[in-house]
Amino acid sequence: MGRSTLFESDQIETLVAKGREGHWAPLARAVTVVENSPPWEVSIPRASRPCHIVGITGPPGAGKSTLTGRLIESFADDGQRVAVLAIDPSSPLSGGAVLGDRVRMETYLNGRPGVFVRSLASRGSHGAVAGSTRNIARLLELSGLFDIVLIETVGAGQTEVAIVEVADTVLLVTVPGLGDAVQTIKAGLMEVADAFIVNMADRPGAAETARHLRLAAGRVDAVYKTVAIEGTGVDQVRDGMYARWRSLLEDGQLEARRLDKWGSDAALVAEAWVADCAGAIALDPHATMQDSVDKILKEASRRWSR
Amino acid sequence: MTSATAGLPPLKVVIAKPGLDGHDRGAKVVARALRDSGMEVVYTGIYQSPESILRAVVQEDADVLGLSSLSGAHLEYARDLCALLKENDRRDVLFVVGGTIPPEDADTLKGYGVHEVFGPGTPTAELVAYISRNARQARLA
Ligand code: B12
Ligand SMILES: Nc1nc2c(ncn2[C@@H]2O[C@H](COP(=O)(O)OP(=O)(O)OP(=O)(O)O)[C@@H](O)[C@H]2O)c(=O)[nH]1
Ligand SMILES: [Mg+2]
């Protein structure tokens, strides 16, 4: 069986106690352990008290980090305990990364010692989040140190929708001009969003973009307009998140959404396990596809039960 | 990946610019060189205080702190940071300083707890090699 890095209750106690005193080192180290472990080695118990996990996604340069900084400010100053996971792409060539989201958030962290911000590299996973994001968000939730976890994805294209597997709420950040009629009918990211944000509303065309989005927004709760560099419109987004969280809790939607994710979790772990095993098996290039698949699955299954 | 780091997760490096020093070219050159050697580099931006730099090191769980200073204020900032790292149980961080550091200051910096100093003109391959070789020593030990 796959081994598990279980977070025992006494380990969690230590994280919580230290975190409350403003010493983030133990929690940060625990995040590293999860980040560096393959998913089948990590098993994080469910938190007794959920916190609102909000994904912030959208095209590169739309202002996601600046907006996240402003949301930190808005939520924290309203008494909320905020954690942020900020994901940037890893270089496919070197495997390294420059994680630049934090730069935009630094000013909002000064004087707010209860805010925890962690940058993550995508490490080759697709869909604009890191493979470990889900488990790290769960660890943050389990710590009980936060009311809200904001996750900034890598600058995402239409099809990069993995954030829905992680977040209770997906905010799609666009800018004027990007949300025109053609874009809005496209499938993908637009479909999984729970609310749209037209950032850079100081630029021309914001009202029109918001109107297009509203027309296309079948299931979306709201379309917000923000100017992240000035902080305009950010409190409205915050209040919208409060309202949404209340309704998710009240009508049982959260439970349903989360149960759905716990179900798909096993499938994702199994997929990762098989891919990992497949990479380690010498396959005969002349064998039939059927035989090769058979070999991979048997070997994956054998190793798992070991 | 060098043989020393093969199989291990990427090194996490925080590159920070303290105080009123807007010279960010060197910091960015170094950040890119480290990325190209497979490290994960968090850049904090300019105008950081020792407290905000410590916060980044702790929250990011960095293996390496690289301070870039071209304003002449390196002694004070490095001394404060060494004290903060000790107070916050992050003595295991590899702490390197670069920029316009007069050669005679290198020993003073090392006295505070800085591990190595890299002046103008250092080939990036040299600092990459130093960091790959020396990071995580304390953590693994
Ligand atoms: C370019 C430059 C500028 C540009 C900066 C552009 C930018 N965005 O970076 C501009 C024109 C804006 C500028 C302005 C000023 N500058 Co100027 N500037 C320089 C200059 C000529 C080159 C710096 C540079 O970019 N080098 C290229 C990079 C790649 O090299 P580097 O930074 O040294 O980095 C290398 C190493 O040091 C090391 N390294 C650096 N950081 C790190 C970090 C780590 C972790 C590691 C491992 C290694 C490492 O590795 C790098 C690769 O080898 C230097 C002179 C010099 N020779 O250094 C003066 C210099 C730094 N500037 C100086 C001054 C005085 C100023 C001003 C105050 C001038 C004024 N009166 O207005 C202003 C202040 C601006 C501010 N807000 O801080 C003085 C500083 C004196 C001091 N230390 O006491 C210098 C030394 C010139 C001099 N001899 O008088 N400057
Ligand atoms: N005019 C204007 N500029 C903005 C606004 N919000 C952000 N910006 C600027 O847009 C640029 C990109 O902002 P970021 O917050 O880094 O964008 P991002 O979406 O996080 O970028 P990636 O993480 O690289 O995808 C920065 O120069 C910001 O200052 C805004 O409301 N109006
Ligand atoms: Mg960003």
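Read on for a plain summary of the structure. Treat the numbers as computed from the prediction; the structure is a model and nothing was measured.

Within this structure, the stated rule accounts for 34 salt bridges over all chains. Among the salt bridges present, the one from E73 of chain A reaches R70 of chain A, with a minimum N-O distance of 3.0 Å. Here the residue E73 of chain A and the residue R70 of chain A both occupy positions in helix α3 (residues 64-77), the gap between them amounting to three residues, near one helical turn. Between D21 of chain B and K17 of chain B there is a salt bridge whose closest N-O contact spans 3.0 Å. Among the residues examined, K17 of chain B registers a relative accessible area of 0% and is labelled buried. Through salt bridges with shared partners, one network takes in E35, R102, E106, R118 and R123 of chain A together with K12, E40, R55 and E60 of chain B.

Residues and elements named next belong to chain B. Around ligand 1, a shell composed of 25 residues is seen, among which G22, H23, D24, S68 and T122 lie nearest. Contacts to ligand 1 include D24, whose side-chain N or O atom sits 2.8 Å from a nitrogen atom. Taking S68, its side chain carries an N or O atom lying 2.7 Å from a nitrogen atom of ligand 1. At the level of elements, α1 (25-36), β3 (64-69) and β4 (94-99) are the ones that each hand at least two residues to the shell around ligand 1. Of the residues that constitute the shell around ligand 1, the class distribution is nine nonpolar, 13 polar and three charged.

Residues and elements named next belong to chain A. In this structure the tally under the stated criterion is seven aromatic pairs over all chains. Centre to centre, the rings of W40 and W273 are 5.0 Å apart; their planes meet at 90°, and the pair counts as edge-to-face. Note that W40 is positioned in the loop between α2 (25-36) and β2 (42-43) and W273 in helix α10 (residues 253-280), a separation of 233 residues in sequence. The exposure class assigned to W273 is buried, which follows from its relative accessible area of 12%. Between F116 and F146, the aromatic rings sit 6.3 Å apart at their centres with planes inclined by 40°, giving tilted as the arrangement. You can see F116 sitting in strand β6 (residues 116-121) and its partner F146 sitting in the loop between α5 (133-143) and β7 (148-152), a full 30 residues away along the chain.

You will see that M200 of chain A, though not glycine, has its phi angle at about 60°, which is positive. Turning to its location among the elements, M200 of chain A is positioned in the loop between β9 (195-198) and α8 (206-216). Judged by its relative accessible area of 17%, M200 of chain A falls in the buried class. The backbone phi angle of D89 of chain B is positive, close to 60°, even though this residue is not glycine. With respect to the helices and strands, D89 of chain B occurs in the loop between α3 (74-87) and β4. Note on D89 of chain B: relative accessible area 61%, which makes it exposed.

This part is about the coordination of the magnesium ion (ligand 3). Residues and elements named next belong to chain A. Coordination of the magnesium ion (ligand 3) by the protein comes from S65 (OG), D101 (OD) and E152 (OE), over a distance range of 2.1 to 2.2 Å. Sequence positions of the residues that donate to the magnesium ion (ligand 3) give the spacing S-x35-D-x50-E. Of this pair, S65 sits in helix α3 while D101 is found in helix α4 (residues 101-109), placing the two residues 36 residues apart along the sequence. Neither residue differs from the other here; S65 and D101 are each classed as buried.

Calculation notes
- Residues numbered from 1 in each chain as written.
- Chains lettered and ligands numbered in written order.
- Predicted model: local features only at pLDDT ≥ 70, side-chain atom pairs only at ≥ 80, totals over all residues.
- Heavy atoms only, no water.
- Salt bridge = Lys/Arg side-chain N within 4 Å of Asp/Glu carboxyl O.
- Helix = DSSP H or I, 4+ residues; strand = E, 2+ residues; numbered from the N terminus.
- Buried < 20%, exposed > 50% of the residue type's maximum accessible area, 1.4 Å probe, protein only.
- Near = heavy atom within 4 Å.
- Polar contact = N/O pair within 3.5 Å; in protein donor to acceptor, adjacent residues only side chain to side chain.
- Nonpolar A, V, L, I, M, F, W, Y, C, P; charged D, E, K, R; others polar.
- Phe/Tyr/Trp six-rings, centres within 6.5 Å; stacked < 30°, edge-to-face > 60°.
- Donors = N, O, S within 2.8 Å, 3.2 Å for Na, K, Ca; no water.

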